[in-house]
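Read off the chains here:
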Amino acid sequence: MVWAFFRLQRGRLLLLPAFVFTVVLFYLVSQNSYQITNALSSATRPIWDKAEGPKNIITHYYSEGLHINADVCKLHNWKPRAASRVKILDAILMSTELDLLEIRMNELDAVVDRFFIIESNATFTGLPKETFFALNRQRFAKFEKKISYRLVPGYALEPGQSPFDQENNHRVQMTNMLRAHIAELLPDTQTLVIMSDIDELPAAHTVQLLRMCDFGQSIHLQLRNYVYSFEWLVGLTSWRASVHVWNPDVYYRHGQSSDTVLADAGWHCSYCFRTISEYATKMQGFSHADRIGGRLDLLDPKRIQDTICKGKDIFGMLPEAYSYVDLFSKLSLEPLTTAVGLPLFLTENAERFRFLLPGGCQREAPRPSTETGPMVGDIG
Ligand SMILES: *[C@@H]1O[C@H](CO)[C@@H](O)[C@H](O)[C@H]1NC(C)=O
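These remarks concern the structure in this document. Keep in mind that what you see is a predicted model, and the values were worked out from it rather than measured.

So, how was this worked out
- Residues numbered from 1 in each chain as written.
- Predicted model: local features only at pLDDT ≥ 70, side-chain atom pairs only at ≥ 80, totals over all residues.
- Heavy atoms only, no water.
- Near = heavy atom within 4 Å.
- Polar contact = N/O pair within 3.5 Å; in protein donor to acceptor, adjacent residues only side chain to side chain.
- Areas by Shrake-Rupley, 256 points an atom, 1.4 Å probe, with all protein chains shown as cover.
- Nonpolar A, V, L, I, M, F, W, Y, C, P; charged D, E, K, R; others polar.
- Disulfide = S-S within 2.5 Å.
- Helix = DSSP H or I, 4+ residues; strand = E, 2+ residues; numbered from the N terminus.
- Buried < 20%, exposed > 50% of the residue type's maximum accessible area, 1.4 Å probe, protein only.
- Patch = residues over 30% accessible without salt bridge, like charges linked within 9 Å, V, L, I, M, F, W, Y side chains within 5 Å.
- Salt bridge = Lys/Arg side-chain N within 4 Å of Asp/Glu carboxyl O.
- Pairing = 2+ DSSP bridges.
- Axes fitted to C-alpha atoms, helices over the stretch in contact; angles between N-to-C directions.
- Contact = heavy atoms within 4.5 Å.

## What to know about the site of the ligand
With respect to spatial proximity, the complete set of residues near the ligand consists of N121, A122, P153 and G154. Here N121 contributes a side-chain N or O atom positioned 2.2 Å from an oxygen atom of the ligand. Considered on its own, the ligand offers 360 Å² of accessible surface; in the complex 43% of this is hidden by protein. Among the residues forming the shell around the ligand, the class breakdown is two nonpolar, two polar and no charged.

## Here's the deal with the state of the cysteines
Think of a disulfide as a covalent bridge from one cysteine sulfur atom to another cysteine sulfur atom. On inspection of all chains with the given rule, the structure shows three disulfides. Note that C73 is cross-linked by a disulfide to C213, the S-S spacing being 2.0 Å. Its S-S torsion of approximately -85° makes the covalent link between C73 and C213 left-handed. With C73 in helix 4 (residues 70–75) and C213 in strand 8 (residues 213–214), this residue pair connects regions lying 140 residues apart in the sequence. Residue C73 shares its accessibility class with C213, and that shared class is buried. The side chain of C269 participates in a disulfide bridge whose partner is C272; the two sulfur atoms lie 1.9 Å from each other. A torsion of -80° about the S-S bond marks the disulfide between C269 and C272 as left-handed. Take C269 and C272: they sit in the same class, and that class is buried. The connectivity of the disulfides in the protein is 1-2, 3-4, 5-6, where the numbers refer to bonded cysteines in sequence order.

## Section: a nonpolar patch on the surface
A surface patch of nonpolar side chains, about 700 Å² in accessible area, is lined by L16, F19, V20, V23, V24, Y27 and L28. Structurally, F19 is set in helix 1 (residues 2–31). A residue is classified by how much of its surface remains accessible, and F19, at 54% relative accessible area, is exposed.

## Side note on the side chain of T125
Looking at the secondary structure, you find T125 in the loop between strand 4 (114–120) and helix 6 (132–135). Within polar-contact distance, the side chain of T125 engages the side chain of T123 at 3.0 Å.

## Looking at the sheet that holds strand 4
Taking strand neighbours across the sheet as the criterion, the eight strands line up as 1-13-9-12-6-3-4-5 in an open arrangement whose pairing is mixed. Every interior strand has two partners, whereas the edge strands, strand 1 (56–58) and strand 5 (147–152), have only one. Adjacent strand axes in the sheet meet at a mean angle of 25° when their direction is disregarded. Judged from the three bridges that link them, strand 9 (residues 218–221) and strand 12 (residues 242–245) form a sheet pairing that is antiparallel. From the neighbouring strand, H220 faces strand 12, where its bridge partner is S242.

## Points about the environment of T191
Among the structural elements, T191 can be located in strand 6 (residues 190–197). Accessibility expressed as a relative area gives 4% for T191, which makes it buried. Taking the C-alpha atoms as reference, T191 lies 8.4 Å from N247; in sequence the two are 56 residues apart. Those residues in contact with T191 that sit more than four places away from it in its chain are K87, L89, I182, L185, H244, V245 and W246.

## Looking at the pairing of strand 9
Walk down a regular strand and you will see the side chains alternate between the two sheet faces. Neither face of strand 9 is left uncovered, since the one carrying S218 and H220 and the one carrying I219 and L221 both have all their residues buried. Bridge analysis of strand 9 against strand 13 (residues 260–262) gives two bridges, and the strand direction is parallel. What sits directly across from L221, in strand 13, is L262.

## Section: the side chain of S95
Among the structural elements, S95 can be located in the loop between strand 3 (86–93) and helix 5 (98–108). The contacts of S95, once residues within four sequence positions are left out, are E119, K129, F132 and I198.

## What to know about the sheet that holds strand 14 (residues 266–270)
A sheet is described by the order of its strands in space; here four strands give the open sequence 7-14-10-11, paired in mixed fashion. In the strand order of this sheet, the two ends are held by strand 7 (200–202) and strand 11 (233–238), each with one partner. Strand-to-strand twist in this sheet, taken as the mean axis angle between neighbours without regard to direction, amounts to 25°. By the bridge criterion, three bridges tie strand 10 (residues 223–227) to strand 11 in an arrangement that is antiparallel. Its bridge partner lying in strand 11, Y226 is registered against L233. Of the strands in this sheet, strand 7 and strand 14 are in contact with helix 5, which crosses strand 7 at around 15°.

Function cannot be read off these values alone, since they describe shape.
As structure tokens, then:
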């Protein structure tokens, strides 16, 4: 009896605060529904979404100076490649990242026979954009005779069209370009094609290993995934880059094509841009532009700069993660104080690429348009 009385009294006392609380809650929810939906779907992702990607991880052996020979193949449980004539083609979809491209070409020059670059005058979402490679081609003059380049005209999206259609078109064009080149090679040539986005960079020693050893039809590359620069390491979470032995059925792709992945095979530097304006362009321009969710304040230059220096998620959302351990480790990235084991050309030119290294988070003021060309899509 006494207990019931107290319950009743307490119920009345709580009525007003409960009402106020409910009103405030409704207000907050209605103001932030996009962020809340996202936070909920990210936070519960480990439940509803199983980790994608290849499961068979090949232990990768490498030490500086290692001579990669038949014994090293054996160490990876592979046989040496039988073909005597092997060509390695590096196929890249160009975006804005000229610095990463320069580091890449220098890293891979010794092991790659030809670079294939596709670029568009529009983002995947159909906004006009500068053709960064075409405008800066002289910067890559020392590789000129190894470069095949194609400009794929972009278009504004019609209702019902998705950015993925445009992205897919680029992959089809790349496949055609590769096919045309490979058809001209000597008939007994075995051709390996590296398929990766511009920010996914296999280490030169990895490519050497794959040239030397018979890994099968295709293999994914597990890459160290960094954000903004080599100061912020997310983990060994990147696996989409792959290497394929070419045959008429192969096409240029970025999804899962094999269950096998070679561990720790290079670097994936996401959002590693030199200028703030590239961040704004990228956030509006890529196939996941829906993440902005109408929140133009996310494109504020000061907020972007702050995010880069603190290693936070650029979209102000929880990071996508597939296990809770992953999720919580990603929420608080610690800045790295090591820059050991990075691409050689980056370390040799540390001053030029300061923004990619620990302690270099402060981005440059916008540069005169003559240097990179005006950023048409820039709203920062
Ligand atoms: C891209 O270039 C093509 C051909 O040069 C042109 O027709 C098209 O309008 C351009 N697209 C954009 C978005 O600028």
